[in-house]
Amino acid sequence: MENTLEDKQVQMPRIGDKAPDFTAKTTKGDIKLSEFAQEKWIVMFSHPADFTPVCTTEMSGFAQRKKEFDALNTELLGLSIDSIHAHLGWVDNVRRNTGVYFDFPIIADLDMKVSKLYGMLQPNESETAAVRAVFFIDPDKKVRLIMYYPLNVGRNMDEILRALEALQTSDKYKVAMPLDWKKGDKVIVPPPKTLEEMDARLADDSIEKVDFYLAKKSI
Ligand code: BEZ
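Just so we're clear, the structure is a prediction, and the values are computed from it rather than from any experiment.

### A few points about the sheet that holds strand β9 (residues 208–211)
Argument step 1. Strands sit in the order β8-β10-β9 across an open sheet of 3 strands; the sheet is antiparallel. Two strands close off the open sheet at either side, each with one partner strand: β8 (187–188) and β9.
Argument step 2. For β9 and strand β10 (residues 214–217), the ladder comprises 3 bridges, and the chain directions are antiparallel. The residue bridging Lys 209 from the neighbouring strand is Ala 215, located in β10.

Written as structure tokens, this is what we have:
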């Protein structure tokens, strides 16, 4: 299917943008994003539909690892283009069948307002169901990392938690995170910006160094 002119005019949020504000109905009452989870990170994620298998595994994954998100000062916020009644029925069904309880708000985005605002509705994948998106939003309500997965591939919870912890650690220590970084690994020291800094880096034996532009340290 060709993209329509209307699709092209929708500006999806990008990394570094202020997270577009919205109000929405959720399984835990009405929310306004700008007032939700003050001074916390938000992991906002969409799923295509309630009562579907891959979505059930993913939502259960978020629920089962919620304590790890809590420990990272992060609120979970789900979304799909379903009604509140469908959400409530699904939450109850999964709880009765598996004992897993989705104890975080899930947006009922029946009018697709939030899905469109966040580019979760990708018409060449589905015109009616949100793709599997994850938005990492920092305490200043800035979008810091975005993932988009298609309908038929579930996300990886280890990677979502790893990416969240990497963002927070990068902010805290003003460092960058190398390939496959996980908690406890060395981090990348920002490269020098002047000749003086470069010479200081070359003379510094306290850090692990391939060359002046690639150096790691423990934190
Ligand atoms: C699922 O969650 O299983 C699913 C939902 C929509 C399309 C395909 C799979």
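Let us keep going from here.
### Re the pattern of salt bridges
Two side chains carrying opposite charge are able to pair once their charged atoms lie near each other.
Argument step 1. Summed over the entire model, instances satisfying the criterion amount to 17 salt bridges.
Argument step 2. Note that Asp 70 is salt-bridged to Lys 66, the shortest N-O span being 3.2 Å. Of the two residues, Asp 70 and Lys 66 are both situated in helix α3 (residues 66–71); the distance of 4 residues between them amounts to about one turn of the helix.
Argument step 3. With relative accessibility at 41%, the residue Asp 70 sits in the partly exposed group.
Argument step 4. Connected via shared salt-bridge partners are Glu 58, Arg 132 and Arg 155.

### Quick notes on the site of the ligand
Argument step 1. Every residue close to the ligand is listed here: Pro 48, Thr 52, Pro 53, Val 54, Cys 55, Arg 132 and Leu 151.
Argument step 2. Here Val 54 contributes a backbone N or O atom positioned 2.7 Å from an oxygen atom of the ligand.
Argument step 3. A distance of 2.8 Å separates an oxygen atom of the ligand from a polar backbone atom of Cys 55.
Argument step 4. Relative to its unbound accessible surface of 260 Å², the ligand loses 74% to contact with the protein.
Argument step 5. When residues in the shell around the ligand are grouped by element, the largest group, 3 residues, is from helix α2 (residues 53–64).
Argument step 6. Here the shell around the ligand is composed, by residue class, of 5 nonpolar, 1 polar and 1 charged.

### Points about the side chain of Thr 26
Argument step 1. Relative to the helices and strands, Thr 26 is located in strand β1 (residues 23–26).
Argument step 2. The exposure class of Thr 26 is buried, given its relative accessible area of 6%.
Argument step 3. Looking at Thr 26, its side chain comes within polar contact range of the main-chain nitrogen of Lys 28, at 2.9 Å.
Argument step 4. In this structure the side chain of Thr 26 is engaged in a polar contact, spanning 2.7 Å, whose partner is the backbone oxygen of Gly 29.
Argument step 5. Once residues within four sequence positions are removed from consideration, Thr 26 is found in contact with Ile 31, Ile 84, Pro 105, Ile 106 and Ile 107.

### Looking at the domain arrangement of the protein
Argument step 1. What the domain assignment lists for the protein is domain 1 (5–172) and domain 2 (174–219).
Argument step 2. Measuring from the centre of the C-alpha atoms in domain 1 to the corresponding centre in domain 2 gives 34 Å.
Argument step 3. With 7 residues of domain 1 at the contact, the number on the domain 2 side is 7 residues.
Argument step 4. Overall, the association of domain 1 and domain 2 removes approximately 620 Å² of surface from exposure, summing both partners, and the carbon and sulfur fraction of that is 53%.
Argument step 5. Of all residues in domain 1, Arg 162, Thr 169 and Ser 170 bury the most surface against domain 2, accounting for 59% of the area lost on that side.
Argument step 6. Here domain 1 is connected to domain 2 by 1 salt bridge.
Argument step 7. A salt bridge links Lys 183 to Glu 165; the nearest nitrogen and oxygen atoms lie 3.9 Å apart.
Argument step 8. Inspection of the region where domain 1 meets domain 2 yields 4 residue pairs in polar contact (both at pLDDT 80 or more).
Argument step 9. A class-by-class count of the residues in the side of domain 1 that touches domain 2 yields 1 nonpolar, 2 polar and 4 charged.

### Some thoughts on the pairing of strand β3 (residues 41–46)
Argument step 1. Among the 6 residues in β3, 6 count as buried, and that is most of the element.
Argument step 2. Sheet analysis places β3 next to strand β4 (residues 74–80), joined by 6 bridges and oriented parallel. Within β4, the position partnered with Val 43 by the bridge is Leu 76.
Argument step 3. In this structure, β3 lies alongside strand β6 (residues 132–137), joined through 4 bridges in antiparallel fashion. Bridge pairing in β6 places Val 43 opposite Phe 136.

Reading the values: rules and limits
- Residues numbered from 1 in each chain as written.
- Predicted model: local features only at pLDDT ≥ 70, side-chain atom pairs only at ≥ 80, totals over all residues.
- Heavy atoms only, no water.
- Pairing = 2+ DSSP bridges.
- Helix = DSSP H or I, 4+ residues; strand = E, 2+ residues; numbered from the N terminus.
- Salt bridge = Lys/Arg side-chain N within 4 Å of Asp/Glu carboxyl O.
- Buried < 20%, exposed > 50% of the residue type's maximum accessible area, 1.4 Å probe, protein only.
- Near = heavy atom within 4 Å.
- Polar contact = N/O pair within 3.5 Å; in protein donor to acceptor, adjacent residues only side chain to side chain.
- Areas by Shrake-Rupley, 256 points an atom, 1.4 Å probe, with all protein chains shown as cover.
- Nonpolar A, V, L, I, M, F, W, Y, C, P; charged D, E, K, R; others polar.
- Contact = heavy atoms within 4.5 Å.
- Domains from an automatic or database assignment.
- Buried area = accessible area lost by both parts, 1.4 Å probe.

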